[in-house]
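Residues per chain, in single letters:
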Amino acid sequence: MFVARSIAADHKDLIHDVSYDFHGRRMATCSSDQSVKVWDKSENGEWLCTASWKTHSGSVWRVTWAHPEFGQVLASCSFDRTAAVWEEIVGESNDKQRGLSHWIKRTTLVDSRTSVTDVKFAPKHMGLMLATCSADGVVRIYEAPDVMNLSQWSLQHEISCKLSCSCISWNPSSSRAHPPMLAVGSDDSNTTYGGKVQIYEYNENTRKYSKAETLMTVTDAVHDISFAPNLGRSFHVLAIATKDVRIFKLVPLRKESTTTGPTKFDVQIMAQFDHHNSQVWRVSWNVTSTLLASSGDDGCVRLWKANYMDNWKCAGILKGDGSPLTGLSGQPTAMSTVVGSSLQTSQNALNGTSAGRIAKRASFAPPLRQLTSPKINQSPA
Amino acid sequence: MSGSKPDILWSPHHPDLYVICDSELGLYRIGPVGGTETKPGTLSLSKETAATLLAINSDTPYMKCVAWYPKHEPECLLAVGQANGRVVLTSLGQNHNSTCKELVGKEFVPKHARQCNTLAWNPVDSNLLAAGLDKHRADFSVLIWDISSKFAPETSVAAEKIRLSFVDLDSSSVVTKPLYELGQNDACLSLCWLLRDPKLLLAGMHRNLAIFDLRNTSQKMFVNTKAIQGVTVDPHFHDRVASFFEGQVAIWDLRKFEKPVLTLTEQPKPLIKVAWCPTRTGLLATLTRDSNIIRLYDMQHTPTPIGDETEPTIIERSVQPCESQIGSFAWHPSSQNRMVVVSASNRVMTDFTVFERVSLAWSSTTSLTWACGRHLYDCVEDSTGGTEGAAETDIATKMRERAQSRYGHDTVQVWRNHLLAGGTDPQLKSLWFDLFYMKQCAEDQELKLQGNKQSVVYSGIKNIIKTSSGTTESRRCWSGSDRQADVPRFYSEERCLALRLCGWISRGPDINVETFLRSLEHEREWERAAAIALFNLDIRRAIQILNKGAMAENGDLNLNVVAMALSGYTDEKSSLWREMCSSLRLQLKNPYLCVMFAFLTSEAGAYDGVLYESSVAVRDRVAFACMFLGDAQLPRYIDKLTNDMKEAGNLEGILLTGLTKDGVDLMESYVDRTADVQTASFCMLKGSPGEVLKDPRVQCWIENYRNLLDAWRFWHKRAEFDILRGKMDPSSKPLAQVFVSCNFCGKSISYSCSAIPHQGRGFSQYGVSGSPTKSKVTSCPGCRKPLPRCALCLMNMGTPVSGCSGTGKSDEKVDLTRENKLAQFKNWFTWCHNCRHGGHAGHMLSWFRDHTECPVSACTCKCMQLDTTGNLVPADSS
């Protein structure tokens, strides 16, 4: 059972990304208004904006938090072809007393010649590392060799993916059995260019990232990609937002000690959902990777959950404006009777008056009957 | 819009009114479903909205184009362009006030009749109405009419006149002299007024786009292009204009008008409408002929006029508002991203909102936030509404709750941990009972065998059975019956241990299940108790238990029937009883009742009906196997069962594998399946210290679990977990992190500071050094120089704060080692890493309760705010 409420965001243009910090007490948003906002959760659970500043000279596509071990550090990337690293500074002004904090730019990464479409910090056990990808198809991996000095970043690797990159995800596994790995998705819509998801793995011997796998079955534009938190599992799970939601399982095949090449994987598709009936825009895993949230061009947020047999099912639907879903494809659903005030709330949202902090509460609709038995394609290998 | 092709216009000022025009004009009011459903003639537009037809106007035939008067008053005034080039002002269904009356019915007639292609009201000077006409020889094709012409400047006066000369209305309402005539010897296909300057008119002419300036009509700025249809100005970016030709849209920047800044990918069919979204920057909707989708172009970056050759990023999207082919659409002027769509054929309308792309993120505490457009939504799991059952709860939430209830921390009554986990998961129950019995046996064995069997106990029944030797076989009587039973039973020391691990017996070597049966009766597990009694060849006891079960409160009376059936047992091979039991038992719902009859009807040594009944608890099946399977069969059965359990990741199998590598394999598939690293970590910590904990997979689970606790800010729980882990695995203990060294001699000052854990011994060491002044805790134990002073009380550090410490030698020793260790946190040495000022912890804390800056004069360091994580409150502090 999930309950939604609205937060007065006060961005002047579209919000492109939302990101939580490690503890879930802080949140960052970025927008086409070229700014980033930082939100802190107050004791009573309300989100308060404690910082808002202009970060780039173009739309800011993504914002992401570093592990708090490295301090309060954010990275952002933008249409202005740069990525930037920001650190919160306390003690230089009295802003904290007014409930505001001060963020300063530690570095600007200017290597890209096109829009930087995604930026992600590497898992903490790898140190302070950052990966960016850009529209011209280059993935760059930076490292801050001295974690105390965030203004020094060196470009460690440049991987050419040949296809315009839209999203990137680090494999979060901290197991020593799993070498550093990242997945890159391309939004190139030409299906004849082959697989749009590439997986790169770090090779200890060559000290380079090399391609370990291309998911050849994903040929449509990929908008988002996300490795599931590993949590000690023996395999990796990857969620992909393309024309549908797909969940892949990558089982590392036992390596013979003599081979030095990249790990081979047994790639299995665990689930594939076209319930959005449109392009899927984002996917996000919860902390145990037992719940997946996806958003699509149908304006809905959907939750997916696996039962103990690894059968994934829809666990909830909510409209993007926070109102409950009142039906798809013409037939009435249970939901329209559950929430009596649904009409009111959706009207509010349409007229743009839904700025109240707890303006409305609505429940995630139970999935429609025909949605409870998703199409699951279990491919043999 | 010509002929039957419909078009839609929203009222510029009424958010709920729009007009559909095809062969006639229809005015509709849109409203919520509930409000209008009683009225007849309501058309449903979406789940929430419906439209009512307010008025129809069919006065103006041969409509080619329509434009809505842009000002508030008079409302519902429309200009209609006709096939003969006439422009007629008309109105819809409103009570006509004077201003409206004089305008309605006015006609503006061009010199030569030809089709009127487009109309555009000037947004500022609303008297100006531009009409674009087809070509007629050398005539002008853009005519700008002044709708107030032929009237005196003050309209109120004009109204008087009109009323007086009502008879003359017909002739006076025809205007033939336009205010401006533009575009000679050309055709005009589309028009729009520029928003940056209302004197400028952009026209899509025959083969060029032209900008006319009303201040100087002799000149025009133009650019040759084919894309001359549907010119429209971006309401958010007044220099940006879109136009189209066939399937291609061109975007123009009026500041560098020479060529389009952008052409969008060509669509296969000719376009019929292109419109900028009025509520959102850079969103262009396009519609092609014979299509049921609207293609949206989201231009993410405003183009810059000079120098920068960056192309705007365009995100292309398609939306499908309805099933049928779309005739036309119109953006709502104020509702965000909302449009009404009308179908091409039968005037079916759909109210539709284009959703912004939603980005989302989960927090570590399972709350979901997403951003839609400019709005943010926060969504939390509502645990109070969890009536659907605990099975629905996500494992993340479960683990959080279990951590709160100290799950895994009961190291004495180990089985109780399953209650701490909620007591609903049968696998966890089985697991913790397994571990409990293992612990019991291990302790018991320890007494007898001084620990050398301890590892055997934790190595699981699979390994215990393997070491089995000296199995004796016996044929026992059915107790309470004098018949010789043909049931061989096996006995050995190891099998006895296995039975203990299964929980059937509590002490060896006698196999006496009576205590176990009693406890099962107590828990009202009648069927299970009866089955176990039967397996111990006590048919009378089994019947007795079933009777008891039937008699008990809310008991199942059918148990009596089962008891009756049992009492008829005969070992006659061909008896009717045997025949009926073996067929009817499969219909019994309770697996234990089922296996009872399976046991009674099977041949000795062929107990598949019992052994492979998967609904029976593994411990009962294993115990059964240990009693009735011979040395050849038993290991085979156990191996098979173990592999099944490992594959399924079933925690009941821990009984078989124990906490060995096999057990880790099993736990691995359990973690793969459930992500429950919490159970995995605690379970592995219960094992005997050693190899299991060193398994990298176990280490990985433990690290992941600790990481989860950290992310949830369950720091106290993490610390408790670390303490527990340190007991089991001393190698995991971290080294001391900080030493404070003396300014003068550089040695550690450990004994005088109560912060260091081993100060008890350190103290006595220094104490015996024989100095009478050793009670001075304010000095360095190495060189006896005084320690730094507290920034607040200006006493040397180490000074007891509130005079609570005694002066005597013995007193002090007690102080430092016992109560003070816990109580005197305020005596602790603290300092800021940034400015390196510090003092007694208690003093510093109370200072920073009211201040932000460091207490040392002229130091502006905001010591307490430097660490954001440090200011977070642990979520599990009680």
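What you see is a predicted model, and the numbers here were worked out from it, not measured in a lab.

### With respect to the packing of helix α22 (residues 677-685) of chain B against helix α25 (residues 715-728) of chain B
Each packed pair of helices is defined by two parameters, the angle between the axes and the distance between the axes.
Residues and elements named next belong to chain B.
Part 1 of the argument: Orientation of α22 relative to α25, taken along the N-to-C sense of each, is 35°, at an axis distance of 10 Å. In contact with S681, F682 and L685 of α22, α25 contributes F721, L724, R725 and M728.
Part 2 of the argument: Considering only residue class, the contact of α22 with α25 consists of five nonpolar, one polar and one charged.

### Some thoughts on the packing of aromatic side chains
Part 1 of the argument: Summed over all chains, the structure comprises 36 aromatic pairs over all chains.
Part 2 of the argument: When the centroid spacing of 5.8 Å and the interplanar angle of 50° are considered together, the rings of F436 of chain B and Y437 of chain B count as tilted.
Part 3 of the argument: With centroids separated by 5.8 Å and ring planes inclined at 65°, the aromatic side chains of F682 of chain B and Y705 of chain B adopt a geometry described as edge-to-face. Highlighted residues: F682 of chain B in helix α22 and Y705 of chain B in helix α24 (residues 696-711), separated in sequence by 23 residues.
Part 4 of the argument: Sitting over the face of the ring of F235 of chain A, K249 of chain A holds its NZ or CZ atom 4.5 Å from the ring centroid.
Part 5 of the argument: A cation over a ring is seen here: K220 of chain B above F222 of chain B, with NZ or CZ 5.3 Å from the ring centre.

### Side note on the interface of chain A and chain B
A common way to state how big an interface is: give the accessible area lost once the parts meet.
Part 1 of the argument: Taken together, the contact pairs 89 residues of chain A with 78 residues of chain B.
Part 2 of the argument: Between chain A and chain B lies a buried interface of about 7300 Å² when both sides are counted; carbon and sulfur atoms form 58% of it.
Part 3 of the argument: Taken as a group, Y20, H23 and L231 of chain A account for 9% of the area that chain A buries against chain B, more than any other trio of residues on that side.
Part 4 of the argument: In this structure, the connection of chain A to chain B is made through three salt bridges.
Part 5 of the argument: One salt bridge in this structure joins R5 of chain A and D378 of chain B, with 3.0 Å as the shortest N-O distance.
Part 6 of the argument: Between chain A and chain B we count 19 residue pairs in polar contact (both at pLDDT 80 or more) in total.

### A short note on the UniProt feature "repeat: WD" (unreviewed entry) in chain A
All names here are of chain A.
Part 1 of the argument: Feature annotation in UniProt places "repeat: WD" (unreviewed entry) on residues 8-40 and 273-305, given in this structure's numbering.
Part 2 of the argument: Helix makes up 0% of residues 8-40 and strand 55%. Its end C-alpha atoms lie 13 Å apart.
Part 3 of the argument: As annotated, residues 273-305 comprises 0% helix and 58% strand, and the C-alpha atoms at either end are separated by 12 Å.

### Describing helix α10 (residues 493-502) of chain B
Part 1 of the argument: Across the ten residues of α10 of chain B, nine count as buried, placing the element largely inside the fold.
Part 2 of the argument: Burial in α10 of chain B covers these residues: E494, R495, C496, L497, A498, L499, R500, L501 and C502 of chain B.

Here is what the cut-offs are and how they apply
- Residues numbered from 1 in each chain as written.
- Chains lettered and ligands numbered in written order.
- Predicted model: local features only at pLDDT ≥ 70, side-chain atom pairs only at ≥ 80, totals over all residues.
- Heavy atoms only, no water.
- Axes fitted to C-alpha atoms, helices over the stretch in contact; angles between N-to-C directions.
- Helix = DSSP H or I, 4+ residues; strand = E, 2+ residues; numbered from the N terminus.
- Contact = heavy atoms within 4.5 Å.
- Nonpolar A, V, L, I, M, F, W, Y, C, P; charged D, E, K, R; others polar.
- Phe/Tyr/Trp six-rings, centres within 6.5 Å; stacked < 30°, edge-to-face > 60°.
- Lys NZ or Arg CZ within 6 Å of the ring centre and 35° of its normal.
- Buried area = accessible area lost by both parts, 1.4 Å probe.
- Salt bridge = Lys/Arg side-chain N within 4 Å of Asp/Glu carboxyl O.
- Polar contact = N/O pair within 3.5 Å; in protein donor to acceptor, adjacent residues only side chain to side chain.
- UniProt positions renumbered as here; feature names shortened; annotations may be inferred.
- Buried < 20%, exposed > 50% of the residue type's maximum accessible area, 1.4 Å probe, protein only.

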